[in-house]
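# Per-entry structural report
Listed below, chain by chain, are the residues.
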Amino acid sequence: MLTRLPLGSALEADARFRTNDPQRLAMSHFGTNRRTFLQSAALAGCALGVETPLIAPMTCVAQYSAQNDARSGGEAMQVTLTVNRERWSLVLDTRTTLLDALREHIGLTGTKKGCDHGQCGACTVLLNGRRINACLTLAVMLEGDDITTIEGLGAASTLHPLQAAFITHDGFQCGYCTTGQICSAVGMLAEADAGWPSGTTNDVAISPVLTDAEIAERMSGNLCRCGAYPNIVAAIKSVASRGLE
Ligand code: FES
Ligand code: FES
């Protein structure tokens, strides 16, 4: 008897394609794309209680975390995070990054995972108004801090000035880096307002002027694989010139 597993599970997929038609049979093995296969295998693994360490973190976090803690000596800890002015009480493996807490536990997927190594800036969020890489920050350290993600900056009906400027100046192509670029730009403009110099500032005794070179230098931690840099700089410059309303 076929045991029903969660929708999309490997066994259910197999049952859907169960047929004697050789052409359809071939599709059942090769028509499923890689992502579907991986998700299905992970869900089947969860339902059956078997280990699927490669893909489990993406699809069955709670079960995987508990199993993983027991296996590798990790420790679970309760933490309350304040994200976009909302409080979230979570029990997390102490090794969970803020990026994974946001995306996998809270469900705020606007913050992107690029390199997961602090090199691309896709995961940039604001911590007490300062920009940080969420992939390099442990979530359990942030109790009592104020975390702002792209979802907290503006809404579809009331865009943040930088969100609107990125649209006006066509500051993106695929958009994968964009949420990090915008959060980083918010933090960067605050730094410039506070008079912080950058590596390219000529005279540190006067308030920095946000030229193209200054903006490029200050945003150099945020990579754009589409190469939308000229438009990103133009978008940020347009907001810098009139200030954040
Ligand atoms: Fe965090 Fe690349 S994902 S810096
Ligand atoms: Fe595609 Fe920046 S818009 S990576």
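The written sequence of each chain sets the order in which its residues are numbered from 1. Both sets of labels track the order of writing: A upward for chains, 1 upward for ligands. Restriction of local features to residues with pLDDT of at least 70 applies here, the model being predicted, together with a cutoff of 80 or more for giving and counting side-chain atom pairs; totals for whole chains, interfaces and linings are based on all residues.

### Considerations on the confidence of the model for the protein chain
Note on scores: pLDDT gives the predictor's confidence for each residue, bounded by 0 and 100. With 69% of its residues at a pLDDT of 70 or more, the protein chain has an overall mean of 79. Here the contact rule is simple: place C-beta atoms from the backbone, and any two residues whose C-beta atoms are within 7 Å are in contact. Throughout residues 1-64 the model reports pLDDT below 50, and contacts reaching past four residues in sequence, or to other chains, amount to 53 contacts.

### A word on unusual backbone geometry
Of note in the backbone geometry, Asp-116 takes a positive phi value of approximately 65 degrees without being a glycine. Tracing the chain through its elements places Asp-116 in the loop between helix H6 (98-106) and strand S3 (124-127). For Asp-116, a count of 16 C-beta atoms within 10 Å puts it in the partly exposed group. Although it is not a glycine, Asp-170 adopts a positive phi angle of roughly 55 degrees. Within the fold, Asp-170 resides in the loop between helix H8 (161-168) and helix H9 (178-193). Here a strand is any run of E in DSSP of at least two residues, a helix any run of H or I of at least four, and the numbering for each starts at the N terminus. The exposure scheme places C-beta atoms from the backbone and then counts, for each residue, the other C-beta atoms within 10 Å of its own, assigning buried at 20 or more, exposed at 12 or fewer, and partly exposed in between.

### Some remarks on the sheet that holds strand S5 (residues 146-148)
Two strands pair if DSSP finds at least two bridges between them. Ordered in space as S2-S1-S5-S3-S4, the five strands form an open sheet in which the pairing is mixed. Since the sheet does not close on itself, it has two edges, and those belong to strand S2 (86-93) and strand S4 (130-133), each with one partner. Strand after strand, the sheet turns through a mean of 40 degrees between neighbouring axes, direction not considered. Sheet topology places S3 next to S4; four bridges connect them, and they run antiparallel. Paired with Val-125 across the bridge in S4 is Ile-132. Sitting on the sheet, H6 is in contact with strand S1 (76-83) and S2, with an inclination near 100 degrees to S2. Angles run from 0 to 180 degrees between N-to-C directions of axes, and those axes are lines fitted to C-alpha atoms, restricted for helices to the stretch in contact.

### Here we look at H8
By the burial criterion, the buried members of H8 are Leu-162, Gln-163, Ala-165 and Phe-166. Mapping the buried residues of H8 onto a view down its axis gives an arc of 165 degrees, with all of them on the same face. Of the surrounding secondary structure, the elements contacted by the buried residues of H8 are helix H7 (150-153), H9 and helix H11 (229-242). In the segment just after H8, Asp-170 is the residue with positive phi, at about 55 degrees. What the arc covers is the set of directions going from the helix axis to the C-beta atoms.

### Description of the packing of H8 against H11
Interhelical geometry of H8 versus H11 gives an angle of 135 degrees and a closest axis separation of 8 Å. Looking at the two axes, H8 sits oblique to H11. Note that H8 runs across H11; the crossing there is right-handed. In contact with Pro-161, Leu-162, Ala-165 and Phe-166 of H8, H11 contributes Ala-235, Ser-238 and Val-239. Any angle that falls under 35 degrees is termed roughly parallel, while one over 145 is termed roughly antiparallel, one within 65 to 115 roughly perpendicular, and all others oblique. Crossing handedness follows the turn of the near helix against the far one: under a right angle anticlockwise gives a left-handed crossing, and clockwise gives a right-handed one.

### Describing the environment of Ala-235
Structurally, Ala-235 is set in helix H11. Using a count of 28 C-beta atoms within 10 Å as the deciding quantity, one classes Ala-235 as buried. The spatial distance from the C-alpha of Ala-235 to the C-alpha of Ala-165 is 5.0 Å, given a sequence separation of 70 residues. If sequence neighbours within four positions are ignored, Ala-235 has contacts with Leu-162, Ala-165, Phe-166, His-169 and Gly-171.

### Quick look at the pairing of S2
Sheet topology places S1 next to S2; eight bridges connect them, and they run antiparallel. Across the sheet, Val-79 pairs through a bridge with Leu-90, a residue of S2. Connecting S1 to the next strand, S2, in antiparallel fashion are two residues, including Asn-84 with a positive phi near 50 degrees.

### Description of H9
Helices are assigned an expected span. That span is 1.5 Å times one less than the residue count. When the terminal C-alpha atoms of H9 are compared, their 22 Å separation across 16 residues agrees well with the 22 Å that a helix rising 1.5 Å per residue should span. Among all positions in H9, only Thr-178, Thr-179, Gly-180, Gln-181, Ile-182, Cys-183, Ser-184, Ala-185, Val-186, Met-188, Leu-189 and Ala-192 are buried. In this structure, the buried side of H9 is in contact with S3, S4, H7, H8, helix H10 (212-218) and H11. Downstream of H9 by one or two residues, Gly-195 has phi in the positive range, about 90 degrees.

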